[in-house]
Amino acid sequence: MHDLRDRRIVLGLSGGIACYKSAELVRRMIEQGATVDVVMTDAATHFITPVTMQALSGRPVFVDAWDARVPNNMAHIDLTRGADAILVAPASADFMAKLVQGRADDLLSTLCLARACPLLVAPAMNREMWGSAPTQRNVTQLSADGVVILGPGSGSQACGETGDGRMLEPHQLLAELIAFFQPKSLSGRRVLMTAGPTIEPIDPVRVITNRSSGKTGYAIARAAWEAGAQVTLVSGPTALAVPYGVTRIGVESARQMYDAVLAAAPDSDVFISVAAVADWRVANIASDKIKKDDHQPPALEFVANPDILATVAALPDGPWCVGFAAETQLLSKFAHEKRLRKGIPMLVGNLAQHVMDADETTVSIFDDTGEHPIAPGTKYDVARLIVQAIAKRLPARRR
Ligand code: C5P
């Protein structure tokens, strides 16, 4: 994926041990297609060399406001013109204080003052510095000035103490940066989702399950968070990393998924049911391992699992519901019928044999006006289009 394709970012480093993370960050930004101009304060060069940042960014690194390489001496203006954003990571306590005061006594602070683009800062400092009254005043003021504050994280610090003030990890900053450029079509909405398979026990060591990688559901969770939603993902077992910003509740069986969803549904604006829920579970689960030597192949009896989506759709003041249908034939017919049967306003349909385990997908949206094909693409591209389609149809906030 090239989620920062055609983006030009100025990455500023001020002085802090977290500068070592910025080396990884610049690599990841470039992998995503960004052009990155690195600007370092003098203090930052004590923690990591400009040579390192130059080798990783593939472009000249700027430190000095009087850099003779810039013929018109206008680096402080030129570097941000045409830039999509300045990201200062790490942003030290001192650098944030300078931003608040509008000081411009080195190249990076001058660039920030002279910018014509958004400014994002990732604070990085000792927990006492972060919690101090001046720093907290400065953070409040920067937010009021329209500066986007990313983090900080919490945990063990280079100084040996533990608490708030760590710079976010490179993958977290990358996720924040990518999300920054996405339209906030679900801003403030609470999205509840299911994804992945369920697994239903036969005995303590054997299960039956559905084939589902969880890739589509996880991609939609990520896209919904990027669109500004607060996302709770109730997930069956998958091998996927939880998308940054998303709260995951892990479950195994359909009944566990049902319980987790029903508990969260009243506080949700939208429910997106992507999971491949097992339609049946074994009625006669053996309490001990069934021995293959002693028995004929076991005769399994099944009982129906509760239909999670239909139950949520029938809640009196429940969330706006989106269903999924993976069919192997007659997609339009079955998808229309399923949407009506479940009593939901929107359903996303696909042909299972085309998308199972794949990274690419082709889907159509079904609503009360008919079928609307979505441009094929990676599951992530399609997830963003599905999120846009949900946002477009979602009624105004009800509570
Ligand atoms: O009922 P069917 O499997 O045909 O419909 C698929 C849709 O219903 C999907 O959105 C799936 O997540 C949801 N579903 C559910 N609970 C079930 C079975 C399916 O929520 N027990």
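Now for a description of the structure that goes with this document. Here the residue numbers are simple positions, counted from 1 along each chain's written sequence. Per-residue local features are limited, in this predicted model, to residues with pLDDT of at least 70; the limit for side-chain atom pairs, both in listing and counting, is 80 or more; totals at the level of whole chains, interfaces and linings are taken over all residues. In computing side-chain values, all of the structure's heavy atoms are included and hydrogens and water are not.

Structural notes on the overall build of the protein
Stage number 1. Within the protein, the regular secondary structure consists of 14 helices and 21 strands.
Stage number 2. In the protein, once contacts between residues fewer than 6 apart in sequence are set aside, the share between residues at least 24 apart is 69%.
Stage number 3. Note on areas: Shrake-Rupley with a 1.4 Å probe; residue coverage comes only from the protein chains shown. For the protein, the accessible surface area stands at approximately 18,600 Å², while carbon and sulfur atoms represent 52% of it.
Stage number 4. Positive residues here are Lys and Arg, negative ones are Asp and Glu, while His and the chain termini are left out of the count. Lys charges are placed at NZ, Arg charges at CZ, Asp charges at CG and Glu charges at CD. In the protein, the 40 positive side-chain charges and the 42 negative ones have mean positions that sit 3 Å from each other. Only runs of H or I of at least four residues qualify as helices and only runs of E of at least two qualify as strands under DSSP, and these elements are numbered from the N terminus. Here, residues are in contact when the closest pair of their heavy atoms is within 4.5 Å.

So, the pattern of salt bridges
Stage number 1. By definition, a salt bridge exists where a carboxyl oxygen of Asp or Glu is found within 4 Å of a side-chain nitrogen of Lys or Arg. Enumeration according to the criterion identifies 23 salt bridges in this entry.
Stage number 2. Where Arg 103 meets Asp 105, a salt bridge forms, and the shortest distance between an N and an O atom there is 3.0 Å.
Stage number 3. Linking Arg 222 and Glu 226 is a salt bridge whose minimum nitrogen-to-oxygen distance equals 3.1 Å. Of this pair, Arg 222 and Glu 226 both sit in helix 9 (residues 215–226), 4 residues apart, roughly one helical turn.
Stage number 4. Burial here depends on accessible area, computed with a 1.4 Å probe over protein chains only, as a share of the maximum for the residue type. Under 20% is buried, over 50% is exposed, and the range in between is partly exposed. Judged by its relative accessible area of 21%, Arg 222 falls in the partly exposed class.

Concerning the site of the ligand
Stage number 1. We call a residue near a molecule or strand whenever a single non-hydrogen atom of that residue lies within 4 Å of it. Residues in close proximity to the ligand include Ser 273, Ala 275, Val 277, Asp 279, Pro 306, Asp 307, Ile 308, Leu 309, Gly 323, Phe 324, Lys 338 and Lys 342, which together make up its full environment.
Stage number 2. Contact distances for the ligand include 2.6 Å between an oxygen atom and a backbone N or O atom of Ser 273.
Stage number 3. Pairs of N or O atoms are called polar contacts if they sit within 3.5 Å, as long as, within protein, a hydrogen donor faces a hydrogen acceptor (for residues adjacent in sequence, only side-chain-to-side-chain pairs). One of the backbone nitrogen or oxygen atoms of Leu 309 is found 2.8 Å away from an oxygen atom of the ligand.
Stage number 4. Protein contact buries 86% of the 440 Å² of open area that the ligand shows by itself.
Stage number 5. Taking a 2 Å distance to the grid points as the criterion, the majority of the atoms of the ligand fall inside the largest pocket.
Stage number 6. Among the elements of the structure, helix 11 (308–313), strand 16 (320–327) and helix 12 (331–342) are those that each provide at least two residues to the shell around the ligand.
Stage number 7. Side-chain classes are defined by residue name, with Ala, Val, Leu, Ile, Met, Phe, Trp, Tyr, Cys and Pro counting as nonpolar, Asp, Glu, Lys and Arg as charged, and the others, Gly among them, as polar. Across the shell around the ligand, the residue classes break down as 6 nonpolar, 2 polar and 4 charged. For cavity detection a 1 Å grid was placed over the protein atoms alone, and a set of points counts as a cavity when a 1.4 Å probe fits there but cannot get out; an open set counts as a pocket when protein lies on both sides within 12 Å along at least five of seven lines, with lining residues being those that have an atom within 4 Å of a point. For a molecule to be placed in a cavity or pocket, more than half of its atoms must lie within 2 Å of the grid points of that cavity or pocket.

Notes on the packing of helix 4 (residues 93–101) against helix 7 (residues 133–144)
Stage number 1. Helix axes use the C-alpha atoms of the stretch in contact, all axes being lines fitted to C-alpha atoms, and the angles between their N-to-C directions lie in the range 0 to 180 degrees. At a closest axis distance of 9 Å, the pairing of helix 4 and helix 7 adopts a crossing angle of 50 degrees. Considering their axes alone, helix 4 and helix 7 lie oblique with respect to each other. Here the hand of the crossing between helix 4 and helix 7 comes out left-handed. Contacts from Ala 93, Met 96, Ala 97, Leu 99 and Val 100 of helix 4 reach helix 7 at Thr 135, Asn 138, Val 139, Gln 141 and Leu 142.
Stage number 2. When its residues are assigned to classes, the contact of helix 4 with helix 7 shows 7 nonpolar, 3 polar and no charged. To sort the angles, those under 35 degrees are grouped as roughly parallel, those over 145 as roughly antiparallel, those from 65 to 115 as roughly perpendicular, and the leftovers as oblique. In this scheme the handedness of a crossing depends on how the near helix is turned from the far one: anticlockwise by less than a right angle means left-handed, clockwise means right-handed.

Overview of the sheet that holds strand 16
By definition, the strands of a sheet pair up through backbone hydrogen bonds, in either a parallel or an antiparallel sense.
Stage number 1. Here the rule is simple: two strands pair whenever DSSP picks up at least two bridges between them. Pairing in this open sheet of 8 strands is mixed, and the strands run 12-11-8-13-16-17-19-20 from one edge to the other. In this open sheet, the two edge strands, each paired with only one partner strand, are strand 12 (247–250) and strand 20 (370–373). Averaged over neighbouring strand pairs, the angle between their axes works out to 20 degrees when direction is ignored.
Stage number 2. Where strand 16 meets strand 17 (residues 346–351), 6 bridges bridge the pair, whose relative direction is parallel.

Let's talk about unusual backbone geometry
Stage number 1. Between Ala 89 and Pro 90 the backbone carries a cis peptide bond, its omega angle lying at 5 degrees.
Stage number 2. With respect to the secondary-structure elements, Pro 90 resides in strand 3 (residues 85–91).
Stage number 3. Here the bond from Gly 151 into Pro 152 is cis, since omega is 0 degrees, no more than 30 degrees from zero.
Stage number 4. Within the secondary structure, Pro 152 sits in the loop between strand 5 (148–149) and strand 6 (153–156).
Stage number 5. With phi around 65 degrees, Asp 6 is a residue other than glycine that occupies positive phi space.
Stage number 6. Position of Asp 6 relative to the elements: it lies in the segment before strand 1 (8–13).
Stage number 7. Look at Leu 330: it is not a glycine, yet its phi comes out positive at around 45 degrees.

Some thoughts on the packing of aromatic side chains
Stage number 1. Here a pair means two rings of Phe, Tyr or Trp (six-membered ring of Trp) with centres within 6.5 Å. Their orientation is stacked below 30 degrees between planes, edge-to-face above 60, and tilted elsewhere. Using the criterion set out here, one finds 2 aromatic pairs in the structure.
Stage number 2. Measuring from centroid to centroid gives 5.3 Å for Phe 180 and Phe 181, while their planes differ by 75 degrees, and the two rings are edge-to-face.
Stage number 3. The exposure class assigned to Phe 181 is buried, which follows from its relative accessible area of 17%.
Stage number 4. Each ring, one from Trp 225 and one from Tyr 244, has its centre 5.4 Å from the other, and the planes form 80 degrees; the classification is edge-to-face.

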